[in-house]
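Residue strings, one per chain:
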Amino acid sequence: MLVKASTLLYLAGSAAAHCTLQYSIVNGQETTSNIRRVPNNNPIQNVQSSTLACNVNGENPAGSIQQVQAGGSITLEWHHEGRNTQAIDASHKGPILTYLAKVGSATSERNPANLDWFKIAHTGLEGENWAVDTLRANNGKWTVQIPSSIANGEYLIRQEIIALHSAYAPGGAQFYVGCAQISVTGGGSASPPTVKIPGVYDANHPGITISIYNSKGDPYPESYEIPGPEPFQ
Ligand SMILES: [Cu+2]
């Protein structure tokens with residue numbers, strides 16, 4: 001049987017390269033008990049799958065809720081396995097995006113694919129630096145600001161790393177998704193425009209189906225268009 005060398009490399013390298021959301025940190029207080037648990041560190045590749053919302057088993061609530069001040073920040077931390085492992089393999093270059101969805105009760109919400117999500121942050125390619133390069137340099141930590149004007153109450157926060165190393169054909173981009181349960185205090189009355197997840201992405205979007213390698217073989221295209229809406233802040 002003929003198997004392409006690139007396929008073999010991919011199979012050999014993939015399991016060690018992947019990651020899951022593992023810690024949620026606010027004002028130096030870290031927890032794992034507000035994070036919806038996933039069974040493994042495999043990516044999602046079908047942008048229409050209900051698992052794109054909060055990953056496999058994402059409909060199962062976690063036990064706790066972490067409090068965050070509106071206008072304050074939260075750090076989510078990603079690793080291949082534990083803290084002594086890398087964030088994600090260096091080959092897995094791409095953007096990092098963060099969304100929120102308001103829920104009645106974060107510890108009982110069981111249908112994340114039906115929620116109304118709004119994006120609060122995204123970072124793609126800046127010069128020759130992908131968001132994933134920064135995530136790796138920060139030992140898996142990615143910090144975002146909670147908008148100061150959103151309403152008080154409970155939310156799911158959804159962070160997403162899109163690895164683009166195999167994204168040259170539709171279905172090749174790898175979505176690493178994690179959801180955590182938070183409660184926002186000190187907010188306002190804004191109601192940001194929302195999207196559905198799945199639904200927000202088209203597999204053919206130029207930020208999802210893209211060959212990131214330029215003519216010199218470097219993984220830094222001239223420009224990169226991050227998929228989904230503009231962040232609300
Ligand atoms: Cu991978």
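Residues numbered from 1 in each chain as written. Predicted model: local features only at pLDDT ≥ 70, side-chain atom pairs only at ≥ 80, totals over all residues. Heavy atoms only, no water.

Going by the annotation in an unreviewed UniProt entry, the name recorded for the chain is AA9 family lytic polysaccharide monooxygenase, with Polytolypa hystricis given as the source organism. Under the heading Cofactor (unreviewed entry), UniProt records this for the chain: "Cu(2+)". (UniProt positions renumbered as here; feature names shortened; annotations may be inferred.)

### Some words on the coordination of the copper ion
Looking at the metal site, the copper ion is ligated by His18 (NE2), His92 (NE2), Gln174 (OE1) and Tyr176 (OH), spaced 2.0 to 2.7 Å from it. One way to put it: the 4 donor atoms around the copper ion meet at angles of 63 to 138°, and that makes the site irregular. According to the relative accessible area criterion, Tyr176 is buried, its value standing at 1%. (Donors = N, O, S within 2.8 Å, 3.2 Å for Na, K, Ca; no water. Tetrahedral: all angles 85-135°; square planar, octahedral: opposite > 155°, others 65-115°. Buried < 20%, exposed > 50% of the residue type's maximum accessible area, 1.4 Å probe, protein only.)

### Quick look at the environment of Ser191
Along the chain, the position of Ser191 falls in the segment after strand S11 (174-185). Exposure remark for Ser191: the relative accessible area of 68% places this residue in the exposed category. When the C-alpha positions of Ser191 and Lys102 are compared, they lie 10.0 Å apart, and in sequence the two are 89 residues distant. (Helix = DSSP H or I, 4+ residues; strand = E, 2+ residues; numbered from the N terminus.)

### Let's talk about the UniProt feature "domain: Auxiliary Activity family 9 catalytic" (unreviewed entry) in the chain
Following the UniProt record, the feature "domain: Auxiliary Activity family 9 catalytic" (unreviewed entry) maps to residues 18-217 here. In this annotation, residues 18-217 is assigned 6% helix and 34% strand; the end-to-end C-alpha distance for the span is 23 Å.

### Observations concerning the confidence of the model for the chain
In the predicted model, the chain carries a mean pLDDT of 93, and the fraction of residues at 70 or more is 93%. Low pLDDT, under 50, characterises residues 1-13; the stretch is placed with 5 contacts to residues that sit more than four places away or in other chains. (pLDDT = per-residue confidence, 0-100. Contact = heavy atoms within 4.5 Å.)

### A word on unusual backbone geometry
A cis geometry characterises the amide bond from Ile197 onward to Pro198, with omega recorded as 5°. Locating Pro198 in the fold gives a position in the segment after S11. In this model, Asn55 sits at a positive phi of 75°, which is unusual for a non-glycine residue. Among the secondary structure elements, Asn55 is positioned in the loop between helix H2 (51-54) and strand S3 (66-69). Under the relative-accessibility criterion, Asn55 is labelled buried at 9%.

### Notes on the sheet that holds strand S5 (residues 96-103)
Reading across from one edge, S3-S11-S10-S5-S6 is the order of the 5 strands in this open sheet, with mixed pairing throughout. Only two strands of the sheet have a single partner each, and these edge strands are S3 and strand S6 (117-123). Pairs of neighbouring strands in the sheet enclose a mean axial angle of 35°, with direction left out of account. As paired strands, S3 and S11 are joined by 4 bridges and run parallel to one another. (Pairing = 2+ DSSP bridges. Axes fitted to C-alpha atoms, helices over the stretch in contact; angles between N-to-C directions.)

### Overview of the environment of Ser148
Within the secondary structure layout, Ser148 lies in the loop between strand S9 (141-145) and strand S10 (153-163). Taking the C-alpha atoms as reference points, Ser148 and Ser189, 41 residues apart in sequence, are found 9.6 Å from one another. Ser148 has contacts with Ala70, Gly71, Gly186, Gly187 and Gly188, leaving out every residue within four places of it along the chain.

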